[in-house]
There are 2 protein chains.
Amino acid sequence: MGEGNGSDRAVVAGIREAILTGEFVPNQRLVEADLSERFAASRARVRAALLELTNEGLVERVQNRGARVRAVRLEEAIEISEVRMVLEGLCAAKAATRITEAESEELERIGENMREAVASGDVLGYSRLNERLHRRVREISGQHTAATVLERLRAQNVRHQFRLAMHPGRPTVSLPEHLAIIDAIRAHDAEAAEAAARAHLRSVIRTLPEAARRPAEPA
Amino acid sequence: MGEGNGSDRAVVAGIREAILTGEFVPNQRLVEADLSERFAASRARVRAALLELTNEGLVERVQNRGARVRAVRLEEAIEISEVRMVLEGLCAAKAATRITEAESEELERIGENMREAVASGDVLGYSRLNERLHRRVREISGQHTAATVLERLRAQNVRHQFRLAMHPGRPTVSLPEHLAIIDAIRAHDAEAAEAAARAHLRSVIRTLPEAARRPAEPA
DNA sequence: ACCGACGAAATTGGTGACAATCTCGGTGGT
DNA sequence: ACCACCGAGATTGTCACCAATTTCGTCGGT
């Protein structure tokens, strides 16, 4: 896709990282001068970076009032997840038709590691595998457009995603869903892969409201 | 969603309009000084506008080499249409569950007008109704996130969309598809609505390569 | 005639200063 | 005690200018 300025990328990446790790919390003001100092960049660059992050949906800007970290409400998180549902379904289906032998073995390994992580109660490890699985499916699908949109939406939902991962008993529910996706893709069954991916996201959407009720903040 | 600067909007809208109407053709260079004069705006504003349009996927920028209108290749147009397929499916399904009586009658009228346009060979009128139908379905669905993504993708594909509309015999093929979408939504049948929307987009994707072979330029 | 080096013109990138606007605490009147 | 007003400080928006880079025509050498 269209790349902005090369030097800008560092600032964009830095601010995005800070938002995604939770260092910058929702509704926190993002003052251009402060960011300029922190990232050792000119104000113009910070400005451009905020513009870009606004388009990505991570930042909200108001005329003459500056930028703040966008707070995604539960209702919106559900909408985003509904879009993810159909897009991940598309990617899973395409991945099923394109997957190579090497990639198939990689997915198998991810599945095995997930099983182990859940068995040993390694929530963080499972969360990482989760993200890796979804990313690999996107990549294998070869759907560049869908992948770009999905990454963007995933970033917007990171906070809700985190709460979900911390929801008690969640891994036990999602593990079989993930394994079903892996199996269908490895079997080159596009229809089943799409159905499995959708079922998984449907389960996420169902759980989102519960998870939102318990406050849980990242480090 | 996040709004940029209010004053910038005019320049952004102006450039976008020029690209969408085909006045600015793909790969045409967008020189900041020229745009600055044309839209009576400072270069800084033009610069910000180009940044935003880059994020929208309408413009491509290269470091120190300026901006040009992004050319969407056929392969990419197909990918975009595949994403549209699942998203329009989602919107159609949601619209089926939410549509009101008044909206139902509006869709019926649009369907009637489409029939008449095709019968009288009014290609342009049919094209406008086509766009209106898709937009109304998005609105009725209440899926703000999906609608935003769809509008963006539709803008990127405008050139291919135009070629498609000019493809001989195309309206005769797409009319029943559109009517099927309308009927399913009006019948509150979410599953059928999604299937109809997908079938329609699948038909678009099938025709895209043929339409791309015949050159056809907008006014 | 071909090819690479060179330099002028065009274009973009960056910076600093200034203007416009908003926020927030205080002040005076009722 | 309450409220409208207002002014200082903070923050964003805008602009003009200069530096850096690319582009392209020209020139000299082979």
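Since the structure is predicted, the reported quantities are computational estimates derived from the model, not experimental observations.

Peer 1: A description of the nonpolar core should follow, citing residues and the corresponding values.
Peer 2: Leu 87, Leu 107 and Ile 185 of chain A together with Leu 87, Leu 107 and Ile 185 of chain B are the most contacted members of the largest nonpolar core, which totals 80 residues. Excluding residues that lie within four positions of it along the chain, Leu 87 of chain A makes contacts with Val 149, Leu 150 and Leu 153 of chain A together with Val 83, Val 86 and Leu 87 of chain B.

Peer 1: How would you summarise the interface of chain A and chain B if you had to cite specific residues and measurements?
Peer 2: Counting from both sides, the interface comprises 32 residues of chain A and, opposite them, 33 residues of chain B. Here chain A meets chain B over a buried area of about 2,700 Å², counting both sides, of which 51% is carbon and sulfur. Looking only at chain A, the three residues that lose the most surface to chain B are Asn 55, Glu 79 and Thr 145 of chain A, adding up to 19% of its buried area. On the surface where chain A and chain B come into contact, there are 4 salt bridges. Linking Glu 82 of chain B and Lys 94 of chain A is a salt bridge whose minimum nitrogen-to-oxygen distance equals 2.8 Å. Taken together, the connections running from chain A to chain B amount to 10 residue pairs in polar contact (both at pLDDT 80 or more). Counting only elements with at least two residues in the side of chain A that touches chain B, the list comes to helix 1 (6-20), helix 3 (43-56), helix 4 (74-98), helix 7 (144-156) and helix 10 (190-213) of chain A. No other element matches the 9 residues that helix 4 of chain A contributes to the side of chain A that touches chain B.

Peer 1: Which residues make up unusual backbone geometry, and what values do they have?
Peer 2: All names here are of chain B. Positive phi values are uncommon outside glycine, yet Asn 27 reaches one of about 75 degrees. Even without a glycine there, the phi angle at Ala 40 is positive, about 50 degrees. By the element assignment, Ala 40 lies in the loop between helix 2 (32-38) and helix 3 (43-56). Ala 40 gets classed as exposed once you look at its relative accessible area, which sits at 72%.

Peer 1: Tell me about the protein's contact with DNA strand C, residues and numbers included.
Peer 2: Neighbouring residues of DNA strand C: 16 residues in total, closest Ser 42, Arg 45 and Arg 65 of chain A together with Arg 47 and Arg 61 of chain B. For DNA strand C, the backbone makes up 79% of the atoms found within 4 Å of the protein, where backbone means sugar plus phosphate. Asn 64 of chain A places a side-chain nitrogen or oxygen 3.4 Å from a sugar or linking oxygen of DNA strand C. The separation between a phosphate oxygen of DNA strand C and a polar main-chain atom of Glu 32 of chain B is 3.2 Å.

Peer 1: Help me get a handle on the environment of Tyr 126 of chain A, residues and values and all.
Peer 2: Within the fold, Tyr 126 of chain A resides in helix 6 (residues 123-141). Residues within four places of Tyr 126 of chain A in sequence aside, it is in contact with Met 114, Ala 117, Val 118, Pro 171, Ser 174, Leu 175 and His 178 of chain A.

Peer 1: So what about the state of the cysteines? Which residues, and what values?
Peer 2: According to the stated counting rule, one finds 0 disulfides over all chains in the structure shown. Not engaged in a disulfide, the cysteine Cys 91 of chain A finds its nearest cysteine sulfur in Cys 91 of chain B; these two sulfurs lie 17 Å apart. Of the residues examined, Cys 91 of chain A reaches a relative accessible area of 1% and is grouped as buried.

Peer 1: Explain the protein's contact with DNA strand D to me, using residue names and the numbers behind them.
Peer 2: Close contacts around DNA strand D come from 16 residues, with Arg 43, Arg 47 and Asn 64 of chain A together with Ser 42 and Arg 65 of chain B the closest. Arg 43 of chain A places a side-chain nitrogen or oxygen 2.9 Å from a base nitrogen of DNA strand D. Listing elements by their share of the surface near DNA strand D, those giving two or more residues are strand 1 (29-30) and helix 3 of chain A.

Peer 1: Can you tell me about the packing of helix 4 of chain A against helix 6 of chain A, naming the residues and giving the values?
Peer 2: All names here are of chain A. Interaxial distance between helix 4 and helix 6 falls to 7 Å at its minimum, and their mutual angle equals 60 degrees. Taken together, the axis directions place helix 4 and helix 6 in an arrangement best described as oblique. Handedness of the helix 4/helix 6 crossing: left-handed. Judged by residue contacts, Arg 84, Glu 88, Cys 91, Ala 92, Lys 94, Ala 95 and Arg 98 of helix 4 engage His 134, Val 137, Arg 138, Ile 140 and Ser 141 from helix 6. Considering only residue class, the contact of helix 4 with helix 6 consists of 5 nonpolar, 2 polar and 5 charged.

Peer 1: Describe the confidence of the model for chain A, with residues and values.
Peer 2: In this model, chain A carries an average pLDDT of 92, and 94% of its residues clear a pLDDT of 70 or more. With pLDDT under 50 throughout, residues 1-6 of chain A is counted as low confidence; its partners more than four residues away or in other chains account for 13 contacts.

Peer 1: Provide a residue-level description of helix 5 (residues 101-119) of chain A, including the pertinent values.
Peer 2: In this model, helix 5 of chain A (19 residues) spans 27 Å end to end at C-alpha, consistent with the 27 Å of a helix rising 1.5 Å per residue. In this fold, the buried residues of helix 5 of chain A make contact with helix 6 and helix 9 (170-186) of chain A.

Peer 1: Give a detailed account of the relation of the copies chain A and chain B, specifying residues and quantitative values.
Peer 2: Of the transformation placing chain A onto chain B, the axial shift is 0.2 Å and the rotation is 180 degrees, giving an RMSD of 0.2 Å. These values place the two chain copies in the arrangement generated by a two-fold rotation axis. Proximity to the rotation axis, assessed at the C-alpha, singles out Val 86 of chain A in chain A; its C-alpha lies 2.9 Å from the axis. Interface overlap between copies: 97% of the residues of chain A at the interface are likewise at the interface in chain B, consistent with a symmetric, same-surface contact.

Peer 1: Residues and numbers for the pairing of strand 2 (residues 59-62) of chain B, please.
Peer 2: Residue and element names in this part refer to chain B. Only one face of strand 2 is covered, namely the one carrying Val 59 and Arg 61; the face carrying Glu 60 and Val 62 has none of its residues buried. With 4 bridges connecting them, strand 2 and strand 3 (residues 66-69) associate as antiparallel partners. Bridge pairing in strand 3 places Val 59 opposite Val 69. Taking the residues that link successive antiparallel strands as the turn, the strand 2-strand 3 hairpin has 3 residues, and the phi of Asn 64 there is positive, at about 65 degrees.

Peer 1: Break down the sheet that holds strand 2 (residues 59-62) of chain A for me, with residues and values.
Peer 2: All names here are of chain A. Pairing in this open sheet of 3 strands is antiparallel, and the strands run 1-3-2 from one edge to the other. Unpaired on one side and paired on the other, strand 1 and strand 2 mark the two borders of the sheet. Where helix 3 meets the sheet, its contacts fall on strand 1, strand 2 and strand 3 (66-69), and the angle it forms with strand 2 comes to roughly 110 degrees.

Criteria and thresholds
Residues numbered from 1 in each chain as written. Chains lettered and ligands numbered in written order. Predicted model: local features only at pLDDT ≥ 70, side-chain atom pairs only at ≥ 80, totals over all residues. Heavy atoms only, no water. Core = buried A, V, L, I, M, F, W, Y, C linked by side-chain atoms within 4.5 Å. Buried < 20%, exposed > 50% of the residue type's maximum accessible area, 1.4 Å probe, protein only. Contact = heavy atoms within 4.5 Å. Buried area = accessible area lost by both parts, 1.4 Å probe. Salt bridge = Lys/Arg side-chain N within 4 Å of Asp/Glu carboxyl O. Polar contact = N/O pair within 3.5 Å; in protein donor to acceptor, adjacent residues only side chain to side chain. Helix = DSSP H or I, 4+ residues; strand = E, 2+ residues; numbered from the N terminus. Near = heavy atom within 4 Å. Disulfide = S-S within 2.5 Å. Axes fitted to C-alpha atoms, helices over the stretch in contact; angles between N-to-C directions. Parallel < 35°, antiparallel > 145°, perpendicular 65-115°, else oblique. Left-handed = near helix turned anticlockwise from the far one by under 90°. Nonpolar A, V, L, I, M, F, W, Y, C, P; charged D, E, K, R; others polar. pLDDT = per-residue confidence, 0-100. Expected span 1.5 Å × (residues − 1). Least-squares fit on C-alpha atoms with pLDDT ≥ 70 in both. Pairing = 2+ DSSP bridges.

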